[in-house]
Amino acid sequence: MKDNISKTLSRARWGSIALMVSGLVLVFFPDFGSRTVASVVAWLMMIVGTAGLLIGVLSWPLFGIGTLAGSGITLMIGFYILRNPLALASILGVLLGVLLTVQGLGALGDALRLRRNGQIWVFGMVWAGLTLAMGIILIFSPMTTSRIVMTIVGLIMIVCGGGNLYTHFKAKSHIEPRKGGGRIIDADE
């Protein structure tokens, strides 16, 4: 019984170490994570596009050109992302930048209306400035978003792996015989 638990804990430790190493890779090479995610998305799009084309050809009278066109576009986008994996992260970064810029402009308008009406407007102006600044940064440096996200994910993986290792070592210390003669009694003995 104790041997099985020890073996399980040993295997779990290797998984925790792998988690920590993967986290380190993401911290030091965040684009690796973006490429990996984009490659998975690209392959899924290519599979869905190919299946859609096959279904469209086999059921031409029922679905018509719409299924073929949509599937063909999905397949081409998947192929493009597979060849340029960081393009997906870049496009998403630009879109997020545009969204933040539009939100910032709206917040700026709200803050100016509050000021005209004699209300508290400073917080709204600060928020508008921060939102606009982040939006403009992302528009001109779209990979920033994915790099920050991947770095944070890597740090979380390192912390989780380290916490798991600590737990496994603590668990093992409760299984092994203790000094001073006291030990855990095993029901199988």
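Each chain has its residues counted from 1, running along the sequence as written. Local features are withheld for residues below a pLDDT of 70 in this predicted model, meaning they are given only at 70 or higher, and side-chain atom pairs are given and counted only at 80 or more; totals for whole chains, interfaces and linings count all residues. Side-chain metrics in this entry use all non-hydrogen atoms of the structure; hydrogen atoms and water are not considered.

*Asks:* Sorry, what's going on with the overall build of the chain here?
*Replies:* Tallying secondary structure elements over the chain gives seven helices and zero strands in all. The classification of residues rests on relative accessible area computed with a 1.4 Å probe and restricted to protein chains. Under 20% of the type maximum is buried, over 50% is exposed, and intermediate values are partly exposed. Looking at the chain as a whole, 25% of its 189 residues qualify as buried. The contact definition used throughout considers only heavy atoms, calling two residues in contact when any of these lie within 4.5 Å. By sequence separation, contacts in the chain at least 24 residues apart represent 77% of the contacts at least 6 residues apart. Per the convention used, a helix needs a DSSP run of H or I reaching at least four residues, while a strand needs a run of E reaching at least two, with both numbered from the N terminus.

*Asks:* When you look at the packing of aromatic side chains in this model, what are you seeing that I'm missing?
*Replies:* Here a ring pair, both rings aromatic, is described through the centre-centre distance and the interplanar angle of the planes. Centres within 6.5 Å are what make two rings of Phe, Tyr or Trp a pair, Trp counting through its six-membered ring; a difference in plane orientation under 30 degrees is then read as stacked, over 60 as edge-to-face, and the rest as tilted. Counted according to the given criterion, the structure contains zero aromatic pairs. Definition used: whenever NZ (Lys) or CZ (Arg) falls within 6 Å of the ring centre and also within 35 degrees of the ring normal, the charge is taken to sit over that ring. It is arginine 115 that lies over the ring of tryptophan 121; its NZ or CZ is 4.9 Å from the centre.

*Asks:* Looking at this structure, I do not really get the side chain of arginine 13. What am I missing?
*Replies:* Mapped onto the elements of the fold, arginine 13 is located in helix α1 (residues 2-28). We classify arginine 13 as buried; its relative accessible area is 12%. Apart from the residues lying within four places of it in its own chain, the contact partners of arginine 13 are Leu165, His168, Phe169 and Lys172.

*Asks:* What is the right way to read helix α5 (residues 85-116) from this model?
*Replies:* Since the α-helix turns once every 3.6 residues, residues separated by three or four places project in the same direction. With 32 residues, α5 should cover 46 Å at 1.5 Å per step; its first-to-last C-alpha distance of 48 Å lies within 8% of that length. Residues of α5 that are buried include every one of Pro85, Ala87, Leu88, Ala89, Gly93, Gly97, Thr101, Gly104, Ala107 and Ala111, and no others. A helix's residues, less one, multiplied by 1.5 Å, set its expected span.

*Asks:* Help me understand helix α6 (residues 122-140), please; the structure alone is not making it clear to me.
*Replies:* The first and last C-alpha atoms of α6 sit 27 Å apart over 19 residues, in line with the 27 Å expected at 1.5 Å per residue. Of the residues making up α6, those classed as buried are Ala128, Thr131, Leu132, Gly135 and Leu138. Along the long axis of α6, the arc covered by the buried residues comes to 130 degrees, so they all point the same way. Every exposed residue of α6 that faces more than 90 degrees away from the buried side is listed here: Phe123, Leu130 and Phe140. The directions considered for the arc are those from the helix axis to the C-beta atoms.

*Asks:* Is there a simple way to think about the pattern of salt bridges in this case?
*Replies:* Should the charged atoms of two oppositely charged side chains come close, the side chains can pair. Within this document, salt bridges are pairs made up of a side-chain nitrogen of Lys or Arg and a carboxyl oxygen of Asp or Glu, the two lying within 4 Å of each other. This model, assessed by the stated rule, comprises two salt bridges. One salt bridge connects aspartate 31 with arginine 147, and the closest N-O pair in it is separated by 2.9 Å. Of this pair, aspartate 31 sits in helix α2 (residues 30-58) while arginine 147 sits in helix α7 (residues 143-175), and the two are 116 residues apart along the sequence. Given the relative accessible area of 15%, aspartate 31 is considered buried. Of the residues examined, arginine 147 reaches a relative accessible area of 35% and is grouped as partly exposed. Close ionic contact of aspartate 110 with arginine 113 constitutes a salt bridge, the shortest N to O distance being 2.5 Å. Pair noted here: aspartate 110 and arginine 113 are both in helix α5, with a separation of three residues, about one helical turn. Owing to a relative accessible area of 41%, aspartate 110 belongs among the partly exposed residues under this scheme.

*Asks:* I keep staring at a nonpolar patch on the surface and nothing clicks. Help me out?
*Replies:* Every patch collects residues that have over 30% relative accessible area and no salt bridge, joining them within 9 Å if they carry like charges and within 5 Å if they are nonpolar side chains (Val, Leu, Ile, Met, Phe, Trp, Tyr). Here the open area of atoms and residues is found with the Shrake-Rupley method and a 1.4 Å probe, where only the protein chains shown may cover a residue. On the surface, Val98, Val102, Ile136, Ile139 and Phe140 cluster together into a nonpolar patch covering about 470 Å² of accessible area. For the nonpolar patch, the secondary-structure elements that each account for two or more residues are α5 and α6. By residue number, the principal contributor to the nonpolar patch is α6, which donates three residues.

*Asks:* Explanation requested: the environment of aspartate 31 in the structure shown.
*Replies:* Along the primary structure aspartate 31 and isoleucine 148 are separated by 117 residues, whereas in three dimensions their C-alpha atoms are 9.9 Å apart. Setting aside residues no more than four positions away along its own chain, aspartate 31 makes contact with Leu86, Met143 and Arg147.

*Asks:* Even after reading the chapter, I still don't get the packing of helix α4 (residues 65-83) against α5, so can you show me in this structure?
*Replies:* Two numbers describe a pair of packed helices, the interaxial angle and the distance between the axes. Where α4 contacts α5, the two axes come as close as 4 Å, and the packing angle between them is 105 degrees. As judged from the angle between their axes, α4 and α5 are roughly perpendicular. Residues Tyr80, Ile81, Leu82 and Arg83 of α4 lie in contact with α5, whose contacting residues are Pro85, Ala87 and Leu88. Residues are grouped as follows: Ala, Val, Leu, Ile, Met, Phe, Trp, Tyr, Cys and Pro are nonpolar; Asp, Glu, Lys and Arg are charged; every other residue, Gly included, is polar. Looking at the contact of α4 with α5 residue by residue, the class counts come to six nonpolar, no polar and one charged. Orientation is described by axes fitted as lines to C-alpha atoms, over the contacting stretch for helices, and by angles from 0 to 180 degrees between their N-to-C directions. With respect to orientation, any angle under 35 degrees is reported as roughly parallel, any angle over 145 as roughly antiparallel, any angle of 65 to 115 as roughly perpendicular, and every other angle as oblique.

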